[in-house]
Amino acid sequence: DLEQQLTEATNAIRKYEKKMIKLQEKYALGVVPLLTSIQDLLLQVRKEVQQEEDNTFSKLREDFFHLRGVTVRLLDNLRLSREEVSSLNMTIAQQDDDISARD
């Protein structure tokens, strides 16, 4: 009687082990593609973000070089304007001296 109960219990355990294995296979197969899809999606998003960052950096770099060129030109123009003003002031001073000498 005891051996029969042990055999029945062993059979029941094997039956449930088989069901557990089937359930694990069923859900594991469903989870793996989902995880792979999520991983692929994350990689795609990361690639797009990196590309956007690269584009933004490239635009900022272009803007920097453009602004640097404009700044250099403005500084050169300012220097030339100062030289012109200084030259004009010297000319006015000479003319004032010439007028004072005539009087």
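What counts as what
- Residues numbered from 1 in each chain as written.
- Predicted model: local features only at pLDDT ≥ 70, side-chain atom pairs only at ≥ 80, totals over all residues.
- Heavy atoms only, no water.
- Patch = residues over 30% accessible without salt bridge, like charges linked within 9 Å, V, L, I, M, F, W, Y side chains within 5 Å.
- Areas by Shrake-Rupley, 256 points an atom, 1.4 Å probe, with all protein chains shown as cover.
- Salt bridge = Lys/Arg side-chain N within 4 Å of Asp/Glu carboxyl O.
- Helix = DSSP H or I, 4+ residues; strand = E, 2+ residues; numbered from the N terminus.
- Buried < 20%, exposed > 50% of the residue type's maximum accessible area, 1.4 Å probe, protein only.
- Lys, Arg positive; Asp, Glu negative; His and termini not counted.
- Charge placed at Lys NZ, Arg CZ, Asp CG, Glu CD.

Once that is clear, we can look at a nonpolar patch on the surface. Taken together, Leu34, Leu35, Ile38 and Leu42 make up a surface patch of nonpolar side chains, about 400 Å² in accessible area. By the secondary structure assignment, leucine 35 is in helix H1 (residues 2–102). The exposed category is assigned to leucine 35, whose relative accessible area is 52%.

For the rest of this paragraph, the subject is a positive patch on the surface. On the surface, Arg14, Lys15, Lys18, Lys19 and Lys22 cluster together into a patch of positive charge. Looking at the element boundaries, lysine 18 is found in helix H1.

A few words on the pattern of salt bridges. Tallying each qualifying case throughout the model produces 1 salt bridge. Here arginine 79 makes a salt bridge to glutamate 83, at a shortest N to O gap of 3.2 Å. Residue arginine 79 and its partner glutamate 83 are located together in helix H1, separated by 4 residues, close to a single helical turn.

Function cannot be read off these values alone, since they describe shape.
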